[in-house]
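A structural walkthrough
Each chain, written out:
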Amino acid sequence: MRAQTRPILAAFLTVLAAVTTAAAPAYAVRGGAPKWQPCEEDRTAQCATLDVPVDWAQPYGATVAIALARRPAADPKQRIGTLVVNPGGPGGSGVDFALDSTFFSPELRRRFDIVGFDPRGISRSHPIVCTTTVLTAAPPPAIDSAKAYNAFVAYNRRLAADCAQRTGPLYGNVDTLSVVRDLEAVRAALGQERISFYGASYGTLLGQQYAERYPQRVRAMVLDSVMDHTVDTDGFLGGEALTAQDSFDEFVAWCARSTECAVHGRDVRKLWAGLLASARRGTLRDPNDTAYKLTLHELVGVAFSSMYDPQWHSLGVFIKEATGGAGTKLGRAAAVDVSEHNFHAVFCDDWSMPVAGYADLRARLDRIAAKSPQMPFSPLALTSVYGCLGRTGTTANPQRALSPARTGPVLLVNARHDPATPYAWARHVAAQLGPKATLLTYEGWGHTVYGRSDCVGGAVDRYLLTVRPPAAGIRCPGVEPKAAGVGGIAPRRGYP
């Protein structure tokens, strides 16, 4: 699930229009075709690397190797072409996504080569790395004073300098526009005139910007759970909190109608308000580890993370146990020795989120909390913005509106009740793309939509196979989550 802006906007759009070209990038053509070998993780798939410039403004300068994976079409005689996939994040591995042999339907796997790549700075493609001791020195993801705000600013600058030193010149060149150029290099190296594309969550930003720059290279495009790269700081923080609140409201409604909810028949909002108050006082014990006291950020994170699938049954159990003080006492998990840290390197290159000090931040958050009483903030939005506080330099890929689609039909899909990418964002992006865009509304819950129902899967598959979009205004009914895997929800600890 991310944004940045302003005065250079008009000049940026002019330059973007001028450089849009139908030709394959000369660098990619010179690089030749990837040398495919069986993947170590799965010998039935093929893996390779492709060298691309670290800085596309210097196409013959230093290079970075982009990791690729391809699962060939199961029926080569009926092969339609290449479906390039991106799972979002930022930080998700496209290689792992392509190696997943179950996500897409058997018919798509039969008719398409499915290709994924790890975007620059991520996983196998020269990951952004930082000193572990610096990463683990991050301040708590809660800013409740000017002192805490200044500590975050100082930490972000220290971390950025450390990551830049450890990573080298790729740091600062991991924005989505650079990945757009990489994707075009991948297309050319594959020898494909046009590609089909499926992007989920943050991957929808890659799809949008690729289609804008290289419209003639797009056969079909699915944008699943849509990022809106126009929102400013308030729009980002507020939109994310409101959609998290909407998801919580849906959980409350389910508890009222379903006896499967562990707190069915009780005032769920009142119970949650009590937990919020305890967390603010610093007295709320984690029912899964009663020696540990949950912060407000961690408690809201419990609810937020439960909305992705969603895991309503588990959230109900958590509220019941946290309210009663019961639960199984578990040992505290040891700290993870982490060195890869790419989320903010990408996000802060793609979004400008200016905040004018602690007073400004507090005023923004108070306005948001007044509209979202049970989910006073989105943990994802908060950590995204906090990670960019104090960053110096310009934003490589600031927010702006898309130009109308110059591709063929584009299919957007979004849940009505998505906790991370608001339905309103999908509607706004569809409006920007114009009449060539169709929005499929899943009248259900959770983040990312493909595969949640036969209705959604069938509509997406038919579009990818035929490039004929579904009828305007198409809606698919929601499918309520089952009680699979009920258990404690692990609160998010650490940063982000």
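It should be emphasised that the depicted structure is a prediction, and the values quoted were computed from it without experimental measurement. (Residues numbered from 1 in each chain as written. Predicted model: local features only at pLDDT ≥ 70, side-chain atom pairs only at ≥ 80, totals over all residues. Heavy atoms only, no water.)

Where helix α9 (residues 233-257) contacts helix α15 (residues 379-386), the axes come no closer than 8 Å and their chain directions differ by 160 degrees. What the angle tells us is that α9 and α15 run roughly antiparallel. Judged by the twist between their axes, the crossing of α9 over α15 is left-handed. Residues F236, L237 and E240 of α9 pack against L380, A381, L382, S384 and V385 of α15. A per-class count over the contact of α9 with α15 returns six nonpolar, one polar and one charged. (Axes fitted to C-alpha atoms, helices over the stretch in contact; angles between N-to-C directions. Helix = DSSP H or I, 4+ residues; strand = E, 2+ residues; numbered from the N terminus. Parallel < 35°, antiparallel > 145°, perpendicular 65-115°, else oblique. Left-handed = near helix turned anticlockwise from the far one by under 90°. Contact = heavy atoms within 4.5 Å. Nonpolar A, V, L, I, M, F, W, Y, C, P; charged D, E, K, R; others polar.)

A few words now on the sheet that holds strand β4 (residues 81-86). To summarise the sheet geometry, strands pair through backbone hydrogen bonds and adopt either a parallel or an antiparallel arrangement. Taking strand neighbours across the sheet as the criterion, the 10 strands line up as β1-β2-β3-β5-β4-β6-β7-β10-β11-β12 in an open arrangement whose pairing is mixed. In the strand order of this sheet, the two ends are held by β1 (37-38) and β12 (475-477), each with one partner. The pairing of strand β3 (residues 63-71) with strand β5 (residues 112-117) spans four bridges and is antiparallel. Pairing of R70 across the sheet is with V115, part of β5. Here helix α17 (residues 454-466) sits on the sheet in contact with β4, β5, β6 (195-200), β7 (218-224), β10 (410-417), β11 (437-445) and β12, set at roughly 160 degrees to β7. (Pairing = 2+ DSSP bridges.)

Here the largest cavity defines a volume of roughly 140 Å³. Every residue lining the largest cavity is counted, 16 residues in all, and those nearest its centre are N86, P90, P119, T176 and Y202. Only α7 (176-190) and α8 (203-213) provide two or more residues apiece to the lining of the largest cavity. A per-class count over the lining of the largest cavity returns eight nonpolar, seven polar and one charged. Roughly 80 Å³ of internal volume is contained in the second largest cavity. As for the second largest cavity, its lining consists of Q208, A211, E212, P215, L402, S403, P404, A405, R406, T407 and L433. At three residues, the largest contribution of residues to the lining of the second largest cavity is made by α8. (1 Å grid on protein atoms, 1.4 Å probe; cavity = no way out; pocket = protein on both sides within 12 Å on 5 of 7 lines; lining within 4 Å. Points joined across faces, edges and corners; volume = space filled by probe spheres on them.)

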